[in-house]
Amino acid sequence: HCSFLSGAAWARGLLSWARPERWFASCSLFPLSCIHTSTSLQKIGKWEKKNMVVYPPQLPGEPRRPAEIYHCRREIKYSKDKMWYLAKLIKGMTIDQALAQLEFSDKKGAKVIKEVLLEAQDLAVRKHNVEFKSNLHIAQSLTGRGRYVKRIRYHARGRFGIMNISRCHYFVKLVEGPPPPPEPPKSGLDQAKEYVQQLRNRTLVHTL
Amino acid sequence: ALGLLRSPLPRLRALLQRGWGRLERGLLPGVFGGQSPPWGPALAVQAPAFLPEAVSDASECSAEAPGLLESILWMAVPKKRRTIEVNRCRRRHPNKLIKEKRNIDVCPECGNLKQKHVLCGYCYAKVRAETEQIRMEIRKKEGGPFNSPTVETVVLYDGEKPTEKDEGKRIIERARKRPSWFTQN
C-alpha cells in the first residue's frame, strides 16, 4: 500500500508519525532510537484511533467521501444505562437539533454530552476540513462501561451492602452532510411478503 | 420484625451463637445482602432481620412470633431470574425512552435557544446581573436591615435627571449607560 508514496516520503511519513519533538525531554539527539522508550498516555483507545485513519486520495470520478469525526469522553461519573437514553435520543439528528434537545434536558449526562458535541464540532471545523459547522449529523452515539469501584453502603442495624460507583464512556461519530432520511415503518404486507420469500428460499442441504 | 429486635445486645449475641447454625443450613434466607466476609466491616454485628424461635423472646411477645413466621412465607419474592431479553424489552420500551421536545424556539432578542413557555436563560441572566448591581446600590444607601423607606424607588442611569413625576421617590444612581431593555417610565 506504500506504492503511492516514494521512499523519501515514506521515511518522512514515518518520522512525522513518530513525532520527534514530543520526545526531546527523554532523548534529544536520536528521535528514531527512542520510539519504544518514550512515555505515552496509558492506552490510546480504539475510538480515538479511528480518527487517525488515512484514506488514499479519491479518483476524479468518485463521489466525495463525507468527513467523519470520532470523539469520545472517558470515565464520566454517570451510569451507562442512564446515559444510553440520551445517546438514543440524539442518534440520527443534526448537531443543532441534538444540542437544542440536550440543552433543555434535565439529566446530568445531558450537560456532559453537550460539551462533547461542541468539542467534536470544534475539532471538525479545525482539523477535519469541515466547511459548515451546522452541516454535521450524528451517525453513531454509544455509551460504554467505565471502571467501577466498589464501596460499602451502610444500612441500619449494622448491616451493609456493596454498592458500585459506576462510570461510563461516551462515544460519538459526526458525519458531514444532512442526516439520512428515517426508514419508513414496515407495513404488515411487507413483512408477510418477506416471510413468504424466506420460506421459498429454503433448500435441502447436504444432498445432491 | 423490629418488635422482636428490641432485646439488648448480649441476649442477641447468645441467640446468634445458637441460631446462626440453623440459619446457615438455609432455614431462613438472609434478607440483607453483604454477607460475604471480604468486604465486611470488622466490628459490625451481623444479625438477621428476624430471629428464629427465640425462647427468651417468647416472654416478651409470644403472640407476635408465629405471626411473624407466617408472614415471612407470604413475602413477595422473584421466582425466576429476569433474562436480559425481558429486561431489554422493559428498558427500551418507548414509554421509557426520552421524548423529543418540540417546544424549543430561538429568542428574538439574543438569538439563543429558549423554551416557548419559559423566559430566555441568557436574557434573564443579563437582567439578574443588573438587578444585583441595583440591589448593591440600595444596600449601600440603606446601610442596614429594616431601613427601607416607605416611598417608591426610581433607578437613574448616566446623565438622567429625575422628572416631576419622580417627586417624592427614592432615587438610586447607577454609573453606567441605560441598558436597552430597561425602558424609562
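Up top you'll find the structure we're talking about.
The paragraphs below set out a description of the structure included in this document.

Conventions adopted
- Residues numbered from 1 in each chain as written.
- Chains lettered and ligands numbered in written order.
- Predicted model: local features only at pLDDT ≥ 70, side-chain atom pairs only at ≥ 80, totals over all residues.
- Heavy atoms only, no water.
- Buried < 20%, exposed > 50% of the residue type's maximum accessible area, 1.4 Å probe, protein only.
- Helix = DSSP H or I, 4+ residues; strand = E, 2+ residues; numbered from the N terminus.
- Patch = residues over 30% accessible without salt bridge, like charges linked within 9 Å, V, L, I, M, F, W, Y side chains within 5 Å.
- Areas by Shrake-Rupley, 256 points an atom, 1.4 Å probe, with all protein chains shown as cover.
- Salt bridge = Lys/Arg side-chain N within 4 Å of Asp/Glu carboxyl O.
- Polar contact = N/O pair within 3.5 Å; in protein donor to acceptor, adjacent residues only side chain to side chain.
- Contact = heavy atoms within 4.5 Å.
- Pairing = 2+ DSSP bridges.
- Axes fitted to C-alpha atoms, helices over the stretch in contact; angles between N-to-C directions.
- Core = buried A, V, L, I, M, F, W, Y, C linked by side-chain atoms within 4.5 Å.
- Lys, Arg positive; Asp, Glu negative; His and termini not counted.
- Charge placed at Lys NZ, Arg CZ, Asp CG, Glu CD.
- Parallel < 35°, antiparallel > 145°, perpendicular 65-115°, else oblique.
- Left-handed = near helix turned anticlockwise from the far one by under 90°.
- Nonpolar A, V, L, I, M, F, W, Y, C, P; charged D, E, K, R; others polar.
- Phe/Tyr/Trp six-rings, centres within 6.5 Å; stacked < 30°, edge-to-face > 60°.

A few points about unusual backbone geometry
All names here are of chain A.
Thought 1: In this model, Arg 157 sits at a positive phi of 60°, which is unusual for a non-glycine residue.
Thought 2: On the accessibility criterion, Arg 157 (43% relative accessible area) is partly exposed.
Thought 3: Of note, the phi angle at His 206 is positive, near 55°, even though the residue is not glycine.
Thought 4: Structurally, the position occupied by His 206 is in the segment after helix H6 (188-200).

Topic: a nonpolar patch on the surface
Thought 1: A surface patch of nonpolar side chains, amounting to about 260 Å² of accessible area, comprises Tyr 195, Val 196 and Leu 199 of chain A.
Thought 2: When you line up the elements, Leu 199 of chain A lands in helix H6.

Remarks on the side chain of Arg 178 of chain B
Residue and element names in this part refer to chain B.
Thought 1: Looking at the element boundaries, Arg 178 is found in the segment after strand E4 (170-173).
Thought 2: Separated by 3.0 Å, the side chain of Arg 178 and the backbone oxygen of Val 155 make a polar contact.
Thought 3: Of the polar contacts made by the side chain of Arg 178, one reaches the backbone oxygen of Phe 182; its length is 3.0 Å.
Thought 4: Those residues in contact with Arg 178 that sit more than four places away from it in its chain are Val 155, Leu 156, Tyr 157, Glu 160, Thr 183 and Gln 184.

A look at the sheet that holds strand E2 (residues 136-145) of chain A
All names here are of chain A.
Thought 1: Ordered by their spatial adjacency, three strands build an open sheet running E1-E5-E2, and the pairing between neighbours is antiparallel. Two strands bound the open sheet, and with one partner strand each, they are strand E1 (68-76) and E2. Each strand of the sheet is rotated relative to its neighbour by a mean of 15°, with strand direction disregarded.
Thought 2: For E2 and strand E5 (residues 168-176), the ladder comprises nine bridges, and the chain directions are antiparallel. Directly across from Leu 142, in E5, lies its bridge partner Phe 171.
Thought 3: Where helix H3 (residues 80-90) meets the sheet, its contacts fall on E1, E2 and E5, and the angle it forms with E2 comes to roughly 170°.

A closer look at the nonpolar core
Thought 1: Counting 28 residues, the largest nonpolar core has Met 83, Ile 90, Ile 113, Leu 117, Tyr 170 and Leu 174 of chain A as the members making the most contacts within it.
Thought 2: Those elements that provide at least two residues to this core are E1, H3, helix H4 (95-103), helix H5 (108-127), E2 and E5 of chain A.
Thought 3: Top element by residues in this core is H5 of chain A. It accounts for seven residues.
Thought 4: Ignoring sequence-local partners within four residues, the contact set of Met 83 of chain A consists of Ile 76, Tyr 78, Gly 109, Val 112, Ile 113, Thr 143, Cys 168 and Tyr 170 of chain A.
Thought 5: The next biggest cluster of nonpolar side chains, apart from the first, holds five residues, and it includes Ile 134, Ile 138, Val 155 and Ile 172 of chain B.

A few points about a positive patch on the surface
Thought 1: A surface patch of like charges, here positive, comprises Lys 88 and Lys 91 of chain A together with Arg 82, Arg 88, Arg 91, Arg 92 and Lys 96 of chain B.
Thought 2: Among the secondary structure elements, Arg 92 of chain B is positioned in the loop between helix H4 (84-91) and strand E1 (104-106).
Thought 3: With a relative accessible area of 44%, Arg 92 of chain B lands in the partly exposed category.

Re the side chain of Ser 141 of chain A
All names here are of chain A.
Thought 1: By the secondary structure assignment, Ser 141 is in strand E2.
Thought 2: Polar contacts involving the side chain of Ser 141 include one to the main-chain carbonyl oxygen of Ala 87, which spans 2.8 Å.
Thought 3: When near neighbours in sequence (up to four residues on either side) are disregarded, Ser 141 contacts Ala 87, Ile 90, Lys 91, Tyr 170, Phe 171 and Val 172.

Let's talk about the pattern of salt bridges
Thought 1: In the structure shown here, the tally under the stated rule is 18 salt bridges over all chains.
Thought 2: Its salt-bridge partner being Asp 122 of chain A, residue Arg 126 of chain A comes within 2.7 Å of it at the nearest N-O pair. Of the two residues, Arg 126 of chain A and Asp 122 of chain A both sit in helix H5, four residues apart, roughly one turn of that helix.
Thought 3: Under the relative-accessibility criterion, Arg 126 of chain A is labelled exposed at 66%.
Thought 4: Under the relative-accessibility criterion, Asp 122 of chain A is labelled partly exposed at 38%.
Thought 5: Between Arg 178 of chain B and Glu 160 of chain B there is a salt bridge whose closest N-O contact spans 2.8 Å. Residue Arg 178 of chain B is located in the segment after E4, and its partner Glu 160 of chain B is located in the loop between strand E3 (153-156) and E4; the two are separated by 18 residues in the primary sequence.

Regarding the packing of H4 of chain A against H5 of chain A
All names here are of chain A.
Thought 1: Relative orientation of the contacting elements H4 and H5 amounts to 155°, with a least axis distance of 9 Å. With respect to H5, the element H4 is oriented roughly antiparallel. Between H4 and H5 lies a crossing of left-handed hand. Touching Ile 95, Asp 96, Ala 98, Leu 99, Leu 102 and Glu 103 of H4 are Ala 110, Ile 113, Lys 114, Leu 117, Leu 118 and Gln 121, all from H5.
Thought 2: Its residues assigned to classes, the contact of H4 with H5 shows eight nonpolar, one polar and three charged.

With respect to the packing of aromatic side chains
Centre-to-centre distance and the angle between the planes together describe a pair of aromatic rings.
Thought 1: Considering all chains together, one arrives at five aromatic pairs over all chains under this definition.
Thought 2: A ring pair is formed by Trp 47 of chain A and Phe 171 of chain A, whose centres lie 5.3 Å apart and whose planes are at 50°; its orientation type is tilted. Residue Trp 47 of chain A is found in helix H2 (residues 46-49), and its partner Phe 171 of chain A is found in strand E5; the two are separated by 124 residues along the sequence.
Thought 3: Take Trp 47 of chain A: its relative accessible area is 9%, and that puts it in the buried class.
Thought 4: Judged by centre distance (5.8 Å) and plane angle (80°), the ring pair of Tyr 157 of chain B and Phe 182 of chain B falls under edge-to-face.

Nothing here speaks to function; it is all geometry.
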